[in-house]
Amino acid sequence: MKRVALLLAAAAALSAQQIRLDLDRLASRARNAVDISLNRSTLQLAARFLDGSDPDEARVKKLVAALDGIYIRSFEFKRDGEWSSPDLDAVRAQLKSPEWSRIVGYRGEDEGETAEVYVRTSEQKVTGVVILTAEPREFTVVNIAGPVDLDTLADLSGHFGVPKLEPPKK
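Residues numbered from 1 in each chain as written. Predicted model: local features only at pLDDT ≥ 70, side-chain atom pairs only at ≥ 80, totals over all residues. Heavy atoms only, no water.

Student: Which residues make up the pairing of strand E5 (residues 125-135), and what values do they have?
Tutor: Of all eleven residues that make up E5, eight are buried, and the element is covered over most of its length. One ladder, built from nine bridges, connects strand E4 (residues 113-122) with E5; its direction is antiparallel. Bridge pairing in E5 links Val117 to Ile131. Between E4 and E5, which pair antiparallel in sequence order, lie two residues; one of them, Glu123, sits at a positive phi of approximately 50 degrees. One ladder, built from eight bridges, connects E5 with strand E6 (residues 138-145); its direction is antiparallel. Looking across to E6, one finds that Val129 is bridged to Ile144. The antiparallel hairpin formed by E5 and E6 contains two residues in its connecting segment. (Buried < 20%, exposed > 50% of the residue type's maximum accessible area, 1.4 Å probe, protein only. Helix = DSSP H or I, 4+ residues; strand = E, 2+ residues; numbered from the N terminus. Pairing = 2+ DSSP bridges.)

If you want it as structure tokens, here you go:
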């Protein structure tokens, strides 16, 4: 009976995570690896520690209340070339139309940086966001599962393991 309950809990967690983040091969080569899996109940618990009287934290608390989960895999490597284009393509392959659309794409050839933002829509509502960032020595995938208001998405920046989003350097 315990096994059935564990399997059901694992299935629920995987259904909230909208893409498969099977990046263990990268984790084995990384100097630093981060694996954050916050399902709905964990997010609700964490949101309790936000100050509702602070306007910024109140917006984050409201956004998090509707989410199904936040899933982050991030790797930092000692040398360039520890990850390859096929690693990035394996994640991109899961982000195809009609369910997913790329809304932002950035490629900096000089620095070897790539950043992409994909949204998942259902019935004309955003039901998920995936952020991919890659640099020669870093590789990060963020999946925010559940209804997301894109206007307030930036409020998650710097909270719950979501990287701090900063404007490009001039």
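Once you've had a look at it, read on.
Student: Summarise the environment of Pro98; cite the residues concerned and give the values.
Tutor: Looking at where Pro98 falls in the secondary structure, it is placed in the loop between helix H5 (85-92) and strand E3 (100-108). Assessed through its relative accessible area of 76%, Pro98 is described here as exposed. Separated by 24 residues in the primary sequence, Pro98 and Ser122 place their C-alpha atoms 9.6 Å from one another.

Student: If you had to explain the nonpolar core to someone new, which residues and values would you point to?
Tutor: Core analysis: the largest hydrophobic core is formed by 20 residues, its most contacted members being Ile19, Leu95, Val130, Leu132, Phe139 and Val141. The set of elements that each furnish at least two residues to this core consists of strand E2 (69-76), H5, E5 and E6. For Leu95, the contacting residues outside a window of four places in its chain are Ile19, Trp100, Tyr118, Val130 and Leu132. In this structure, Leu50, Ile72, Val126 and Val142 belong to the second largest nonpolar core, which totals 17 residues. (Core = buried A, V, L, I, M, F, W, Y, C linked by side-chain atoms within 4.5 Å. Contact = heavy atoms within 4.5 Å.)

Student: An account of the packing of helix H3 (residues 40-47) against helix H4 (residues 55-65) is requested, with residue identities and associated values reported.
Tutor: Between H3 and H4, the shortest axis-to-axis distance is 9 Å and the interhelical angle comes to 160 degrees. It follows from the interaxial angle that H3 and H4 lie roughly antiparallel. In terms of crossing hand, the pair formed by H3 and H4 is left-handed. Counting all contacts with H3, which are made through Arg40, Leu43, Gln44 and Ala47, the residues of H4 involved are Lys61, Val64 and Ala65. In the contact of H3 with H4, the residues fall into four nonpolar, one polar and two charged. (Axes fitted to C-alpha atoms, helices over the stretch in contact; angles between N-to-C directions. Parallel < 35°, antiparallel > 145°, perpendicular 65-115°, else oblique. Left-handed = near helix turned anticlockwise from the far one by under 90°. Nonpolar A, V, L, I, M, F, W, Y, C, P; charged D, E, K, R; others polar.)

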